[in-house]
Amino acid sequence: AADPAWIVLEASGAMEVGVVVALDAVGRTPVILNPRVSRRFAQSHGRLAKTDRVDAAMLAQFGWERQPVPRPLPSDLARDLTALLRVRDDLVGQRTQTRNRLAVARPVVRSVLEGQQAALQTAIATVEQELAAVVARDPGWTALVTQLQTVPGIGALTATILAVELPELGTATTKQLAALVGVAPVARDSGQTRGRRAIQGGRRTVRKALYQAVFNAVCNRWCRGSLLQRHYAQLRDRGKPMKVALVACMRRLLGLLTAMVRTGCTWDQLDVHQRADRAAVA
């Protein structure tokens with residue numbers, strides 16, 4: 001008989017997906033809370049004990065105090081793409097582990113590890129083919145992935161990762177996206193002390209894909225003179241370490257990507273290129 005304003009539940013390793021889908025189907029999309037956030041919230045209220053009853057009470061209190069806004073539930077196709085990306089990420093990790101073992105393996109086990117590595121490589125290729133096939137089923141996803149591929153350094157796989165794992169592109173600001181991805185420096189200051197800022201948290205899959213894209217864009221000869229490469233060179237000339245400059249370029253790229261999606265233009269159609277060309281002529 002209750003008509004709650006919010007339904008709040010913790011993420012539990014995808015075990016919550018069934019109830020989330022069912023609630024969304026009847027128009028009561030719940031708020032999915034990071035367990036670390038809910039635990040810190042309980043501790044901030046002095047609740048050190050952890051039981052199901054305590055957790056439920058604190059989740060209800062969180063909804064009452066914070067009034068969070070539920071995120072729209074991804075479509076079936078988006079959830080399929082997410083599942084495929086998760087499987088591919090696991091397979092790539094297993095391949096890396098096998099490759100490392102193979103580098104120091106004794107002859108008696110080399111054939112086994114080589115067979116395992118070949119099987120993993122085949123499985124990864126199969127997953128990537130399925131990813132491309134699922135994207136091709138929907139014109140909207142196909143257009144978005146094709147649009148993101150116009151960026152130097154971004155291929156089909158990276159474009160798919162960005163489209164699936166970062167649905168906020170086109171609606172969020174650059175600062176919001178940097179915080180979501182985990183490329184925003186976190187301050188560690190206290191009084192007169194100025195600690196060293198570093199990035200942390202965020203969406204690891206997106207951050208890794210962005211790093212690879214930026215690295216390709218600034219280090220490859222075929223990108224010579226590109227916007228990101230010039231930005232990277234300016235940062236390095238100012239004495240910034242390589243990793244710091246690359247992360248700064250990742251933030252710059254996020255801003256350009258969200259502008260592309262928001263305006264529906266390709267990389268070459270961005271106004272920032274035209275301004276740079278006019279400045280160079282002047």
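Calculation criteria
- Residues numbered from 1 in each chain as written.
- Predicted model: local features only at pLDDT ≥ 70, side-chain atom pairs only at ≥ 80, totals over all residues.
- Heavy atoms only, no water.
- Core = buried A, V, L, I, M, F, W, Y, C linked by side-chain atoms within 4.5 Å.
- Buried < 20%, exposed > 50% of the residue type's maximum accessible area, 1.4 Å probe, protein only.
- Helix = DSSP H or I, 4+ residues; strand = E, 2+ residues; numbered from the N terminus.
- Contact = heavy atoms within 4.5 Å.
- Axes fitted to C-alpha atoms, helices over the stretch in contact; angles between N-to-C directions.
- Parallel < 35°, antiparallel > 145°, perpendicular 65-115°, else oblique.
- Left-handed = near helix turned anticlockwise from the far one by under 90°.
- Nonpolar A, V, L, I, M, F, W, Y, C, P; charged D, E, K, R; others polar.
- Salt bridge = Lys/Arg side-chain N within 4 Å of Asp/Glu carboxyl O.
- Expected span 1.5 Å × (residues − 1).

Undergrad: Looking at this structure, I do not really get the nonpolar core. What am I missing?
TA: It is characteristic of soluble globular proteins that their nonpolar side chains tend to be buried jointly. Residues Leu 81, Trp 141, Leu 210, Leu 253, Leu 257, Trp 267 and Leu 270 are the most contacted members of the largest nonpolar core, which totals 57 residues. For this core, the elements supplying multiple residues, two or more each, are helix 4 (76-103), helix 5 (107-136), helix 6 (139-148), helix 7 (156-165), helix 8 (174-181), helix 9 (204-219), helix 10 (227-237) and helix 11 (242-263). At twelve residues, the largest contribution of residues to this core is made by helix 11. Discounting chain neighbours no more than four positions away, the residues touching Leu 270 are Leu 256, Ala 259, Met 260 and Cys 265. Membership of the second largest hydrophobic core comes to nine residues, among which are Val 8, Val 54, Met 58 and Phe 62.

Undergrad: I would appreciate a short explanation of the environment of Arg 197 in the present structure.
TA: For Arg 197, the position within the fold is in the loop between strand 4 (193-194) and helix 9. With 13 residues separating them in the primary sequence, Arg 197 and Ala 184 have C-alpha atoms 9.3 Å apart. Those residues within four positions of Arg 197 in sequence are excluded, and the remaining contacts are Pro 185, Val 186, Ala 187, Arg 188 and Asp 189.

Undergrad: Where do I start with the packing of helix 8 against helix 11 in this structure?
TA: Relative placement of two packed helices is described by the angle separating their axes and the distance separating the axes. Viewed as axis vectors pointing N to C, helix 8 and helix 11 meet at an angle of 120°, and their least axial separation amounts to 9 Å. In this view, helix 8 runs oblique relative to helix 11, as classed from their interaxial angle. For the pair helix 8 and helix 11, the sense of crossing is right-handed. Contacts between helix 8 and helix 11 involve Thr 174, Leu 177, Ala 178 and Val 181 from the former and Arg 251, Leu 254, Gly 255 and Thr 258 from the latter. The residue makeup of the contact of helix 8 with helix 11, split by class, is four nonpolar, three polar and one charged.

Undergrad: Whenever I open this one, the pattern of salt bridges confuses me. Can you help?
TA: When the charged atoms of two side chains lie near each other, side chains of opposite charge can form a pair. The tally for this structure, following the rule as stated, stands at ten salt bridges. One salt bridge connects Arg 79 with Asp 76, and the closest N-O pair in it is separated by 2.2 Å. Here the residue Arg 79 and the residue Asp 76 both occupy positions in helix 4, the gap between them amounting to three residues, near one helical turn. Relative accessible area serves as the criterion here: at 26%, Arg 79 is assigned to the partly exposed category. What makes Asp 76 exposed here is its relative accessible area of 52%. Notably, a salt bridge pairs Arg 110 with Glu 114, separated by 3.9 Å at the nearest N-O pair. Of this pair, Arg 110 and Glu 114 both sit in helix 5, four residues apart, which is roughly one turn of the helix. One network of salt bridges, with partners in common, ties together Arg 71, Glu 168 and Arg 203.

Undergrad: Can you walk me through helix 3 (residues 52-66) in this structure?
TA: An α-helix turns once per 3.6 residues; consequently, residues spaced three or four apart project the same way. Its 15 residues give helix 3 an end-to-end C-alpha distance of 21 Å, which sits within 8% of 21 Å, the value for a rise of 1.5 Å per residue. Buried within helix 3 are the following residues: Val 54, Asp 55, Met 58, Leu 59, Phe 62 and Gly 63. Turning to helix 3, the residues buried within the fold contact strand 1 (8-10), strand 2 (31-33) and helix 2 (35-44). Immediately beyond the C-terminal end of helix 3, within one or two residues, lies Gln 67, with a positive phi of roughly 50°.

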